[in-house]
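Spelled out, the chains give:
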4 protein chains.
Amino acid sequence: MESIFQAIRRFSYWKAVKCEFLLTMFYVLIGCASTIPTDIHNKQSVNELKVAFAFGITCLTLMQCFLPICGPAQMNPAVTIAMLCTRRVHVITSFIHILAQCVGGLAGAGILYGVTPARKHGHLGVTFVHNDIGRGQAFGIEFITTFIMTFAYYSGHDNPGIFGGFQAAPVGLSIIMGHTLGWQFTGASMNPARSLGPAIVCNEWSDHWVYWIGPVLGAILGGITYEYTTGGGPEIKHLRR
Amino acid sequence: MESIFQAIRRFSYWKAVKCEFLLTMFYVLIGCASTIPTDIHNKQSVNELKVAFAFGITCLTLMQCFLPICGPAQMNPAVTIAMLCTRRVHVITSFIHILAQCVGGLAGAGILYGVTPARKHGHLGVTFVHNDIGRGQAFGIEFITTFIMTFAYYSGHDNPGIFGGFQAAPVGLSIIMGHTLGWQFTGASMNPARSLGPAIVCNEWSDHWVYWIGPVLGAILGGITYEYTTGGGPEIKHLRR
Amino acid sequence: MESIFQAIRRFSYWKAVKCEFLLTMFYVLIGCASTIPTDIHNKQSVNELKVAFAFGITCLTLMQCFLPICGPAQMNPAVTIAMLCTRRVHVITSFIHILAQCVGGLAGAGILYGVTPARKHGHLGVTFVHNDIGRGQAFGIEFITTFIMTFAYYSGHDNPGIFGGFQAAPVGLSIIMGHTLGWQFTGASMNPARSLGPAIVCNEWSDHWVYWIGPVLGAILGGITYEYTTGGGPEIKHLRR
Amino acid sequence: MESIFQAIRRFSYWKAVKCEFLLTMFYVLIGCASTIPTDIHNKQSVNELKVAFAFGITCLTLMQCFLPICGPAQMNPAVTIAMLCTRRVHVITSFIHILAQCVGGLAGAGILYGVTPARKHGHLGVTFVHNDIGRGQAFGIEFITTFIMTFAYYSGHDNPGIFGGFQAAPVGLSIIMGHTLGWQFTGASMNPARSLGPAIVCNEWSDHWVYWIGPVLGAILGGITYEYTTGGGPEIKHLRR
């Protein structure tokens, strides 16, 4: 247990934490902004494809830009927990990262609240389960989409060359995929921090548990599936302390 | 004939079969989910471009992610048959792959059935020939789009470097192209497994033969055209047993 | 003059001609298909972005796929003439290529005519100058967009590495750019062969000269600008005989 | 101070200035053209995603095409000022570049004025602060989006390999991101030259200061944040004289 405390005392460790904070902040800020309808009386005025690209391209671009600065960021408590379960991060590290991500998500939602007009404060990207779909179905959608995203995350970062040196591409693209599947049913969160930020700012908590349990279990299963499929099994790989 | 039975007994062979199953499942699940209209009384509420990107990006991302795990997947009975005709896979292999793809397509459509509300169960991505277009025309559209896609598949996997190390890009992009051409006429299946899954789940079989004969013939001609154009001719290349 | 006749007798030369034919055929087929409105009484039902991506992605994907087979294709009489003016192709070669492109464009439009219902035969992607815009303005739009596209074509093929080994990317992306600029005014042809095909099939020739003079002059100036900007000047570079 | 005057006398220096002019001209021309509504009585007829892609893809494609000709262009007075503040360009150089960019933006808007019908001259891409949003909020949106874009600019050009050799990708993608956030509130300028051109041509100056102060301060902070985050601090790096 000593080594982790030594690691935490290093400067580069806190740089990674800062990156998690900044990336999740920008991710929530830009993604949630894209979900604000132009006409608040017509929810159809949100272009579904725009939302998908906003979240996907933001993740893909920023994660890649921060790669040479602080290594592969997770930007997602579910992914961090999956990495903890497959023993890629230490439990203390993962706890601090999740904290940074949640605070980052809150900061992003807060900034969005600040720069949007009061009329639109009821539409700041809160994810909710749509009326005609059950709780279990919503759980299933979050579970599956996060499963795929986490698998893509592991695949991209373990094989940096396969996407032409563009490691963050699979994560970003699978976020786009997740939105084409889940947007009209659950809002396609795939990320507890992304759901937590707007929920706190707008104080809307209906079915919030779905956006924690679904992504976290999906991510854990995705990570474990990846480790077993690639034949590595649950051995210790220290991607980042 | 002994060598193929030996190959089948290897672990890596069944890993490839598992990959075909998983990839086709996710492809059908995400792609078909994107075709569900937000408003079931207004079929125009489906964003055509979203469907094209959903199928294209899913194919491109997942095929690339699974590349280091189990080699180039086919995800498509038509492509597998084309590879059989150009002697790139063995007849027994191809049979098992097609089976895995069809079961995968069924599983994807089944999961989609499970996570969508009952009101929308009539719109789970079944491909059908639109009213104002003849059977022969529908066949032609499926034939041409699959021809181009198969050509792109061969080209991408034979020349891994041309898309910047992104081998699955040409297949994914040509699926997007196929949707811009065929979506409003036939639903742009280009993949018998993708049509079979929703057809079984929704039990809608009108003109289903179009989605088998069209893609398969198109893919065979596409594969043969590629082999002759590149000057290779029908020689034996073992991309995957 | 002997060497060109010897070159023409080579097999690889006619392969390049065949590629020009096939590529232009698929380009016109897929691109023009995307311009067919779902509802023929509502021209706004065409998704502008879909058209841009259909033309752009088709060019980018197919040009790249055919690159290892028959070298960089032009797919465009305007580009071929520009390459003739900057002495990159021989006059006889360019003449045969233009012929192949025009026949390819006609074939693509003909196939599209064959696979579409009669009700939609009035909307097969014919480019026309919209009502509220003058002939000179239409010329200007075609001139500028083709200028940029040709510059990108030269830049991509002279510096294969700059787009990560994806030489056809700049051409394809600049076709998307051209459509966001010109689609609502002239249909953003940027390619005489793409305009010729549908014009013959639908027998609509109003303002057809705009789609020859505009792109050809734009491409010539774009090519010359590129040669002088890169400091090469009009020296002989034999990209393809 | 002598070295800068010597640098200015070199030919390559003025080539860079010419590139800044051309790139900003094309950027403003294509981007602003995409904002022209098809139906001028219905502002919703502008496809938001099309605008985002028009600006983003234009920046990404052209900046990459000009890279081997004249080095990394800035195309943006805000970025130039940020590079001045982080001591990457000389003060005289930056002044001349900003001038070239502003004249380029004006030229682009002027060409657009020339090729569009008179009916649409009121809609040539002028950025304005929308009614239901305060001045400070508009400033905040321009500040944040330009902050992210500048960070991505520095990151892409300092680490050419991270986007698979596609240095201009992060800038272009972050322009798309900025539009998904800011388009409905401020028009998502992120570039004083892009706002200046249409403002002069249409002679509309309401809240024009927002599009100078916001991007410039955001870019400066983005540049400084990048320098400190990467550990370089404000040392002299001569990217371009």
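Residues numbered from 1 in each chain as written. Chains lettered and ligands numbered in written order. Predicted model: local features only at pLDDT ≥ 70, side-chain atom pairs only at ≥ 80, totals over all residues. Heavy atoms only, no water.

Peer 1: Before we go on, may I ask you to explain the overall build of chain A in this structure?
Peer 2: Secondary structure assignment for chain A yields nine helices and zero strands. Written out in order from the N terminus, the α and β elements of chain A read α-α-α-α-α-α-α-α-α. Computed over C-alpha atoms, the radius of gyration of chain A comes to 17 Å, within 12% of the 18 Å expected from 2.2 N^0.38 for 241 residues, which places it in the range of a compact globule. Along the longest, intermediate and shortest principal axes, the C-alpha atoms of chain A span 55 × 35 × 35 Å. Taking all 241 residues of chain A together, the buried fraction comes to 68%. Restricting the contact set of chain A to residue pairs at least 6 apart, pairs at least 24 apart contribute 79%. Of the roughly 7700 Å² that chain A leaves accessible, carbon and sulfur atoms contribute 64%. With 15 positive and 11 negative side-chain charges, chain A shows a spacing of 9 Å between the two charge centroids. (Helix = DSSP H or I, 4+ residues; strand = E, 2+ residues; numbered from the N terminus. Rg over C-alpha atoms; globule rule 2.2 N^0.38 Å. Buried < 20%, exposed > 50% of the residue type's maximum accessible area, 1.4 Å probe, protein only. Contact = heavy atoms within 4.5 Å. Areas by Shrake-Rupley, 256 points an atom, 1.4 Å probe, with all protein chains shown as cover. Lys, Arg positive; Asp, Glu negative; His and termini not counted. Charge placed at Lys NZ, Arg CZ, Asp CG, Glu CD.)

Peer 1: Help me understand the interface of chain A and chain D in this model?
Peer 2: Interface extent is often summarised as the accessible area lost during association of the parts. Of the residues lining the interface, 36 residues belong to chain A; the matching set on chain D comes to 32 residues. Contact between chain A and chain D buries roughly 2900 Å² in total, counting both sides, with carbon and sulfur atoms accounting for 72%. On inspection of chain A and its partner chain D, the count reaches two salt bridges. Ionic pairing is found between D:Asp132 and A:Arg119, a salt bridge with its closest N-O pair at 2.6 Å. In this structure, the connection of chain A to chain D is made through nine residue pairs in polar contact (both at pLDDT 80 or more). Of the residues forming the side of chain A that touches chain D, the biggest block, 14 residues, is contributed by helix H3 (residues 48–70) of chain A. Each residue belonging to the side of chain A that touches chain D can be placed in one class, and the counts come to 21 nonpolar, ten polar and five charged. (Buried area = accessible area lost by both parts, 1.4 Å probe. Salt bridge = Lys/Arg side-chain N within 4 Å of Asp/Glu carboxyl O. Polar contact = N/O pair within 3.5 Å; in protein donor to acceptor, adjacent residues only side chain to side chain. Nonpolar A, V, L, I, M, F, W, Y, C, P; charged D, E, K, R; others polar.)

Peer 1: Any chance you could explain the arrangement of the chains here in plain terms?
Peer 2: Between chain A and chain C there is no contact; the minimum C-alpha to C-alpha separation amounts to 8 Å. There is a gap between chain B and chain D: no contact, and a shortest C-alpha distance of 8 Å.

Peer 1: Could you clarify how one ought to interpret the pattern of salt bridges in this entry?
Peer 2: For side chains of opposite charge, pairing can occur when their charged atoms come near one another. Applying the stated criterion across every chain, the model contains 20 salt bridges over all chains. Measuring nitrogen to oxygen at the nearest pair gives 2.7 Å for the salt bridge that ties B:Glu48 to C:Lys50. A residue pair is termed interchain when its members come from two chains, as with B:Glu48 in helix H3 (residues 48–70) and C:Lys50 in helix H3 (residues 48–65). In the salt-bridge network here, residues are joined through shared partners; they are A:Arg88, A:Asp158 and A:Glu227.

Peer 1: Looking at this model, I keep getting lost on the relation of the copies chain B and chain C. Mind explaining?
Peer 2: Here two copies of a chain appear, and what relates them is a rotation about an axis with a shift along it. Note on the copies: chain B fits chain C at an RMSD of 0.0 Å, the axial shift is 0.0 Å, and the rotation between them is 90 degrees. Such a combination of rotation and displacement between the chain copies is what one expects of a four-fold axis. When each C-alpha of chain B is compared by its distance to the rotation axis, B:Gly164 comes out closest, at 3.8 Å. Of the residues that chain B buries at the interface, just 12% are likewise interface residues in chain C, meaning the two copies contact each other through different surfaces. (Least-squares fit on C-alpha atoms with pLDDT ≥ 70 in both.)

Peer 1: Mind showing me how you'd approach the side chain of C:Ser195 here?
Peer 2: Residue and element names in this part refer to chain C. With respect to the element layout, Ser195 can be found in helix H9 (residues 192–202). Assessed through its relative accessible area of 1%, Ser195 is described here as buried. When neighbours within four sequence positions are excluded, Ser195 is seen to be in contact with Thr127, Ser189, His208 and Tyr211.

Peer 1: I keep staring at the interface of chain B and chain C and nothing clicks. Help me out?
Peer 2: With 32 residues of chain B at the contact, the number on the chain C side is 36 residues. Summing both sides of the interface, chain B and chain C together bury roughly 2900 Å²; the carbon and sulfur share of this comes to 72%. Contact with chain C buries surface across chain B, with B:Met177, B:Gln184 and B:Thr229 losing the most and accounting together for 19% of the total. Here chain B is connected to chain C by nine residue pairs in polar contact (both at pLDDT 80 or more). Looking at the side of chain B that touches chain C, the elements with two or more residues in it are H3, helix H6 (135–158), helix H7 (169–186) and helix H9 (210–229) of chain B. In terms of residue count, H6(B) provides more of the side of chain B that touches chain C than any other element does, nine residues in total. Residue classes in the side of chain B that touches chain C are distributed as 18 nonpolar, twelve polar and two charged.

Peer 1: Whenever I open this one, the relation of the copies chain A and chain D confuses me. Can you help?
Peer 2: With an RMSD of 0.0 Å, the operation that places chain A on chain D is a rotation of 90 degrees combined with a shift of 0.0 Å along the axis. A distinct binding surface is used by each copy, with only 11% of the interface residues of chain A retained as interface residues in chain D.

Peer 1: Teacher, can you tell me more about the side chain of B:Thr24 here?
Peer 2: Residue and element names in this part refer to chain B. By the element assignment, Thr24 lies in helix H2 (residues 11–34). At a separation of 2.6 Å, a polar atom in the side chain of Thr24 contacts the main-chain carbonyl oxygen of Glu20. Not counting the four nearest positions on each side in its chain, Thr24 is found in contact with Met75, Gln101, Gly104, Gly105 and Ala193.

Peer 1: Would you mind showing me how to read the packing of aromatic side chains here?
Peer 2: The description of an aromatic ring pair uses the distance of the two centres, along with the angle that the planes make with each other. Throughout the structure, instances matching the rule amount to 40 aromatic pairs over all chains. An angle of 85 degrees between the planes, with centres 5.1 Å apart, marks the rings of C:Tyr13 and C:Trp14 as edge-to-face. Assessed through its relative accessible area of 5%, C:Tyr13 is described here as buried. Relative accessible area serves as the criterion here: at 41%, C:Trp14 is assigned to the partly exposed category. Judged by centre distance (5.9 Å) and plane angle (45 degrees), the ring pair of C:Phe147 and D:Phe26 falls under tilted. Residue C:Phe147 is found in helix H7 (residues 135–158), and its partner D:Phe26 is found in helix H2 (residues 11–34); the two belong to separate chains. The pair C:Phe147 / D:Phe26 is uniform in exposure class, with both members buried. Here the aromatic cluster, defined as three or more aromatic residues joined through ring pairs, consists of A:Phe66, D:Phe151, D:Tyr153, D:Tyr154 and D:Tyr226. (Phe/Tyr/Trp six-rings, centres within 6.5 Å; stacked < 30°, edge-to-face > 60°.)

Peer 1: Would you mind showing me how to read the nonpolar core here?
Peer 2: Across soluble globular proteins, nonpolar side chains show a tendency to be buried alongside one another. One finds A:Phe66, C:Phe66 and D:Phe66 to be the most contacted residues of the largest nonpolar core, which totals 296 residues. Leave out the neighbours within four places in its chain, and C:Phe66 touches B:Phe151, C:Cys19, C:Leu22, C:Leu23 and C:Gly71. (Core = buried A, V, L, I, M, F, W, Y, C linked by side-chain atoms within 4.5 Å.)

Peer 1: Looking at this structure, how should I read the state of the cysteines?
Peer 2: Structurally, a disulfide amounts to a covalent bond that connects the sulfur atoms of two cysteines. For the coordinates displayed, the defined rule picks out four disulfides over all chains. Residue pairing for B:Cys19: its cysteine sulfur links by disulfide to B:Cys70, the two sulfurs lying 2.3 Å apart. The sign of the S-S torsion, about -125 degrees, decides the handedness of the disulfide formed by B:Cys19 and B:Cys70: left-handed. Of the two residues, B:Cys19 sits in helix H2 while B:Cys70 sits in helix H3, which places them 51 residues apart along the sequence. We note that B:Cys19, like B:Cys70, is buried. Of the cysteine sulfurs around C:Cys59, a residue in no disulfide, the closest is that of C:Cys65, at 12 Å. (Disulfide = S-S within 2.5 Å.)

Peer 1: Before we go on, may I ask you to explain helix H4 (residues 77–85) of chain D in this structure?
Peer 2: In an α-helix, one turn spans 3.6 residues; hence positions three or four apart end up facing the same way. Residues and elements named next belong to chain D. Of all the residues in H4, the buried ones are Pro77, Ala78, Val79, Thr80, Ala82 and Met83. As for H4, its buried residues are in contact with helix H5 (91–115), helix H6 (135–158), helix H8 (192–202) and helix H9 (210–229). Where H4 begins, the capping side chain belongs to Asn76, and its oxygen is found 3.1 Å from the backbone nitrogen of Ala78. In the stretch just after H4, Arg87 is the one whose phi turns positive, near 60 degrees.

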